[in-house]
Amino acid sequence: MEINSKVIGILGTAKNTGKTTTASYLLEWSNKEGIKVGLTSIGYDGEDIDNITGLPKPRIYVKQGDLVGTAKQCFSVSEAKIEIVEKTSVKTSLGQVLIGKVLQGGLVILAGPNKGKDLLCILQKLKKEKSQLILVDGALNRMIPLINCDALILATGASRQTDIDLLVDETESIIRAFNIPLREKQKISNQEIIQHHNNIVIFQKNGYKRQLKSHSLISQKTLSNLIDSIDEKETEEIYIPGIFQDNILKKISEQYSELFKGKTILVNNPTFLLVGTRDINHLMDIIEDILNKGIKIKTLYNLPILAVTINPFYPKYSRFGKDSYEMAWIDGYQLYQKMRNRLALPIINIMGEESPELVIVIKKFLNINK
């Protein structure tokens, strides 16, 4: 089957939200279709027993011919028989990341790189081995490298939030964050701006540039330096290449909106905004307030979300039981309906009868017509 290699990140909002189940579902479908699959992850999240809840966690079952990019120590504890095809220069706390080809099926543990440039290296290696579809396991607290993917599937559920309305609110906010508009083509190219990845840069209408020493906007000191460097009439764009914390964004909205009015705050990609907040709904409220005050926020990169998979299961704390947690569920039908009514994306209960819809979404993304 002719497929141009694509990379899909599976972004879980918490443990037990179903990202491993989603990845396993796609892996099984791909194997049936004869699609060559590569697998890796951002960091390590593959324990047999959840180290928080003590409940069993699924690992990923790979079949003969699948490719993996995982740390050296994971090879010896994985059930699958894997042949090492390349040793990479990427190192993790579990050892060097190796590229392997599955010779005999079995469960595998994934522990991939934590940094974006290292993930890019592993993706290139998997593509070199002719992977047609690469799946990357990720999570909200380690999502920044996922910007190297071509698209995302968002996996969320009761393990993140048992209040269905709050869960739907948050999911909508995450999707809105990933839909922050891209910077349009201008006199200063995006490529030129990206070169300033170590510094906040102020671009002026007259072509003049001012650089700050910091690359993230997470402290009052950096904000003060930025305020002092902005020219009220000449400044056009302000590029923040690193993390942008929501309390700083709030100060801009509340105290400096007149100075920033008409100007564009440019972030590298939405993940740098999302990791700078503990409350994604609050972040999006601040952004909406900023926009209403005439300040523009744009990104250099964005990442399409193809679908949202939902999981009504959650580990419930059992105060008097033998174990600390027991299995529990919220109303899956209500969760599905409320997500579907609010979000303009395919909503899929990966364990439910809607799961084949995910195949339709992925086939469209991969441009498979049959």
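Residues numbered from 1 in each chain as written. Predicted model: local features only at pLDDT ≥ 70, side-chain atom pairs only at ≥ 80, totals over all residues. Heavy atoms only, no water.

Caption draft 1: Examining the overall build of the protein chain more closely. Per the secondary structure count, the protein chain includes 12 helices and 18 strands. For the protein chain, the C-alpha radius of gyration of 22 Å lies close to 21 Å, the compact-globule estimate for 370 residues. Considering only contacts within the protein chain whose residues lie at least 6 apart along the sequence, 75% involve residues at least 24 apart. For the protein chain, the exposed area adds up to about 17600 Å²; of that, 47% sits on carbon and sulfur atoms. (Helix = DSSP H or I, 4+ residues; strand = E, 2+ residues; numbered from the N terminus. Rg over C-alpha atoms; globule rule 2.2 N^0.38 Å. Contact = heavy atoms within 4.5 Å. Areas by Shrake-Rupley, 256 points an atom, 1.4 Å probe, with all protein chains shown as cover.)

Caption draft 2: Representation of the sheet that holds strand β6 (residues 95-104). Pairing is mixed across the open sheet formed by 9 strands, whose spatial order is β5-β6-β4-β2-β8-β1-β9-β15-β18. The open sheet has two free edges, formed respectively by β5 (81-92) and β18 (347-349), since each of these has just one partner strand. Averaged over all neighbouring strand pairs, the angle between strand axes comes to 25 degrees, with direction disregarded. Relative to strand β9 (residues 151-157), strand β1 (residues 6-12) runs parallel, the two sharing 5 bridges. Of the residues in β9, the one forming a bridge with Gly-12 is Ala-155. (Pairing = 2+ DSSP bridges. Axes fitted to C-alpha atoms, helices over the stretch in contact; angles between N-to-C directions.)

Caption draft 3: Just the nonpolar core, in detail. Of all hydrophobic cores here, the largest spans 71 residues; its most connected members are Val-136, Phe-178, Leu-217, Leu-226, Phe-244, Leu-249 and Phe-260. Among the elements that line this core, the one with the most residues is helix α4 (residues 164-178), at 7 residues. Not counting the four nearest positions on each side in its chain, Leu-249 is found in contact with Phe-244, Leu-273, Leu-283, Ile-286, Ile-287, Ile-290 and Ile-297. Residues Leu-26, Phe-75, Leu-306 and Val-359 belong to the second largest nonpolar core, which totals 36 residues. (Core = buried A, V, L, I, M, F, W, Y, C linked by side-chain atoms within 4.5 Å. Buried < 20%, exposed > 50% of the residue type's maximum accessible area, 1.4 Å probe, protein only.)

Caption draft 4: Molecular detail of empty space enclosed by the protein. Summed over all chains, the structure comprises 2 cavities of 30 Å³ or more. Empty space within the second largest cavity amounts to approximately 30 Å³. Lining the second largest cavity we find Ile-10, Ala-23, Leu-39, Thr-40, Ile-60, Leu-110, Leu-135, Val-136 and Asp-137. Counting only elements with at least two residues in the lining of the second largest cavity, the list comes to β2 (37-41) and β8 (133-139). For the lining of the second largest cavity, the element with the most residues is β8, which contributes 3 residues. Taken together, the residues of the lining of the second largest cavity sort by class into 7 nonpolar, 1 polar and 1 charged. (1 Å grid on protein atoms, 1.4 Å probe; cavity = no way out; pocket = protein on both sides within 12 Å on 5 of 7 lines; lining within 4 Å. Points joined across faces, edges and corners; volume = space filled by probe spheres on them. Nonpolar A, V, L, I, M, F, W, Y, C, P; charged D, E, K, R; others polar.)

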